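Residues per chain are reported as follows:
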Amino acid sequence: METGLVLRTPLAVLVALLLTAGPLTRAARAQEIPGADTEAPGHMKAEHLAYVLANADTLITRWRSAWRSESPDRIAALYADDALLIPSGGVPIVGRESIGRHFEEVLRPSGDVGISLGDVGVGEEIAYLFGDYRFAGPSDGVATQVHGRHITILMRYGRNWRIRAQLLLPEPGSRRLSPVAAAPANLEPLTPDRLGPRTGQTGRSRMAFLRRAFTTASAVLATWRESWRRDDVEGAVEAFAEEGLLILPGEETRIGRAVIRSRLSDLLPAIGALHGTILDFDASGGMSYAYGRYFCQCRRDQGGDVLGHYLSVLSSEGSQWRIRALVLWTDVGEGDIAG
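The residue count restarts for each chain, going from 1 along the sequence in the order it is written. Only residues with pLDDT of at least 70 are given local features in this predicted model, and only at 80 or more are side-chain atom pairs given and counted; all residues enter the totals for whole chains, interfaces and linings. As a rule here, side-chain values come from all non-hydrogen atoms in the structure, and water together with hydrogens is ignored.

1. Comments concerning the overall build of the chain
Where we set the bar: Each helix is a run of DSSP H or I of at least 4 residues and each strand a run of E of at least 2, with the numbering of both proceeding from the N terminus. Partly exposed describes any residue whose relative accessible area lies between the buried limit of under 20% and the exposed limit of over 50%, with all areas from a 1.4 Å probe on protein chains only and scaled to the type maximum. Computed with a 1.4 Å probe, the accessible areas rest on the Shrake-Rupley method; for each residue, only the protein chains presented here act as cover.
For the chain, the count of helices and strands is nine helices and 13 strands. When each of the 339 residues of the chain is scored for burial, the buried share is 54%. Accessible surface computed for the chain: about 14400 Å², of which carbon and sulfur atoms make up 49%.

The structure is reproduced here in structure tokens:
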């Protein structure tokens, strides 16, 4: 992947490349294999990556097929029981039943959907997908293109892979989907003790792992916010993986530390402080994801205070955890961080 570019690579092509060429990507180098030592040979990691991507390819294909068939039940069945869907960069909808009601409103006027993959990451029983989406949406009876970027988090439940979380973020200037039939979720801030009741997980070892992962993710994100507050560009950049991804409210996708450094160098000086909380979280092996809310105490000449949402994906690089992807967007009607 070239720094600063988003690749438009079909998921099936990525699977074929990995099956034939071995450990080609950074995802194959940094992730753990279930039941295996973290220093497992590269070909074993590549096999696991290919296995996960093959399942991801199947799931995304079924998602598109359900969309084309205008079947809200079929598409909702591909989401986890406690899945989180954030349509049109708005407020979250939680749970398979609520997601099904949302798609009852969305599918019929939307036509076919296109989805591409520009970045993929894999953990033990979790996968992160980033790319573009595009479909036709109604506007006063006339079909118009709705397009944007998505982050999709997949997780394995027994033998099945499901969508655990999905963000559909419209490109600047693109239409937002409305109305939404399902009531938005009223999520409360998570703490280590509240992880089990929120996600329905109970196993002692699983809960201990989730608490450790949650504590680590919270610390990484807090360090990033502190660097932002102190106008410490290098500290903020260092929190990202080498080819990490950053999307700020209303802005283009930036990939790679060099590109992120260039943007933050212009943005950070005296812009203000960020505060945040985690509202949804999950993890497996060397990867975790967190959704939450943020508040920017921005300077008045930078647009004033801003309230919004964020979604982050973290991955381990040896003993270090870094931000693989971080997307921030504002509430409808709010200004952007950069004014």
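Structure shown, so let's carry the discussion forward.
2. With respect to the environment of S116
When you line up the elements, S116 lands in the loop between β3 (113–115) and β4 (119–122). With relative accessibility at 18%, the residue S116 sits in the buried group. Between the C-alpha atoms of S116 and H150, which are 34 residues apart in sequence, the distance is 9.1 Å.

3. What to know about the packing of aromatic side chains
Going by this rule: Aromatic rings from Phe, Tyr and Trp, with only the six-membered ring used for Trp, were paired whenever their centres fell within 6.5 Å, and each pair was classed as stacked if the ring planes differed by under 30 degrees, edge-to-face if by over 60, and tilted otherwise.
The full count for this structure, using the stated rule, is seven aromatic pairs. Centroid distance W224 to F240: 6.3 Å. Interplanar angle 80°. Geometry classified as edge-to-face. Of this pair, W224 sits in helix α7 (residues 204–229) while F240 is found in strand β8 (residues 240–247), placing the two residues 16 residues apart along the sequence. Each of the two residues, W224 as well as F240, counts as buried. Cluster of aromatic residues (ring-pair linked, three or more members): W63, W67, Y79 and F103.

4. A few points about the confidence of the model for the chain
Basically, it comes down to this: pLDDT runs from 0 to 100 and stands for how confident the predictor is about each residue. Two residues qualify as a contact provided that any one of their heavy atoms is within 4.5 Å of a heavy atom in the partner residue.
Considering every residue of the chain, the mean pLDDT works out to 79; 73% of them sit at 70 or more. Between the elements of the chain, mean pLDDT differs from a low of 34, seen in helix α2 (residues 26–30), to a high of 96, seen in helix α8 (residues 233–238). Here residues 1–9 scores under 50 on pLDDT; set against residues more than four positions off or in separate chains, the count is 23 contacts. Across residues 14–40 the pLDDT falls below 50, and counting only partners more than four positions away or on other chains, this stretch makes 52 contacts in the model.

5. A word on the nonpolar core
The cut-off we apply is this: What makes a nonpolar core is a set of buried Ala, Val, Leu, Ile, Met, Phe, Trp, Tyr and Cys residues whose side-chain atoms join them at distances within 4.5 Å.
Within the largest apolar cluster, 37 residues are counted, with the highest numbers of intra-cluster contacts made by W224, W228, L264 and F281. For this core, the elements supplying multiple residues, two or more each, are α7, α8, β8, α9 (257–267), β10 (272–284), β11 (287–298), β12 (306–317) and β13 (320–330). Residues contacting W224, with those up to four places away along its chain left out, are A236, A239, F240, L274, I323 and L326. If you look at the next biggest cluster of nonpolar residues, it comprises 34 residues, including L53, I60, I115 and L129.

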